[in-house]
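Given next are the chains, with one letter for each unit.
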Amino acid sequence: SQQGEEDPQALSIQEGENATMNCSYKTSINNLQWYRQNSGRGLVHLILIRSNEREKHSGRLRVTLDTSKKSSSLLITASRAADTASYFCATDAFKNDMRFGAGTRLTVKP
Amino acid sequence: GAGVSQSPSNKVTEKGKDVELRCDPISGHTALYWYRQSLGQGLEFLIYFQGNSAPDKSGLPSDRFSAERTGGSVSTLTIQRTQQEDSAVYLCASSLQSRGETQYFGPGTRLLVL
């Protein structure tokens, strides 16, 4: 069963704009991770945020975590056409069970 | 390269045949995962190996699916009597020790059952 659910399912923006994707989950977690997938192949890890952290940055990526609302957001600033991909959140629940959401498909138009 | 590798990249088979998919994790990684992803969908967890512990098989969809990990390294996912609904990309990932850590994914095997 899936734990994380991304929203929106699809997002289309112009190059240079910011993209925000959200992830909601159901149970308490140890950490939450965001991954990126190009062309339906392997996923690439982007960032991990622990349950005691509220915000984390990595380059043009900014992740927030609100454990009271059981939600996280991924912000990509100054988007590029190369950011076009599917983005997944994955949660590690305390029972040591990691699950991925269905993903947000981001299209960045040049 | 020292990443996760999977073979074959693509596999076309006929309904009813058995298939074997292989995963070579990153050297030294004790945790290994298999996922299935249907077209345009999210990842469906299949099975998790951690060291010498009994694998977590809770995601396997039916008894036609099985997996083993020999010597704590290479893993093989076997699908017996394949069905058309088994068509998907099968992804393997490994992490250093356990769930909750960063997972490193292979490129996947795209399976098509005719």
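Up top is the structure these notes are about.
Residues numbered from 1 in each chain as written. Chains lettered and ligands numbered in written order. Predicted model: local features only at pLDDT ≥ 70, side-chain atom pairs only at ≥ 80, totals over all residues. Heavy atoms only, no water.

With respect to the overall build of chain B
Move 1: Looking only at helices and strands, one finds zero helices and ten strands in chain B.
Move 2: In sequence order, the secondary structure elements of chain B are arranged as β-β-β-β-β-β-β-β-β-β.
Move 3: Taking 114 residues into account, the globule formula puts the C-alpha radius of gyration at 13 Å, and chain B, at 13 Å, falls close to it.
Move 4: Dimensions of chain B, computed from the C-alpha atoms along their principal axes, are close to 35 × 30 × 25 Å.
Move 5: Of all 114 residues assigned to chain B, the portion counted as buried reaches 47%. (Helix = DSSP H or I, 4+ residues; strand = E, 2+ residues; numbered from the N terminus. Rg over C-alpha atoms; globule rule 2.2 N^0.38 Å. Buried < 20%, exposed > 50% of the residue type's maximum accessible area, 1.4 Å probe, protein only.)

Here we look at the side chain of A:Asn31
Move 1: Take A:Asn31: it is sitting in strand E4 (residues 29–37).
Move 2: For A:Asn31, a relative accessible area of 3% translates into the label buried.
Move 3: Leaving out residues up to four positions away in the same chain, A:Asn31 has contacts with A:Leu48, A:Ile49, A:Arg50, A:Ser51, A:Ala90, A:Thr91, A:Asp92 and B:Gly100. (Contact = heavy atoms within 4.5 Å.)

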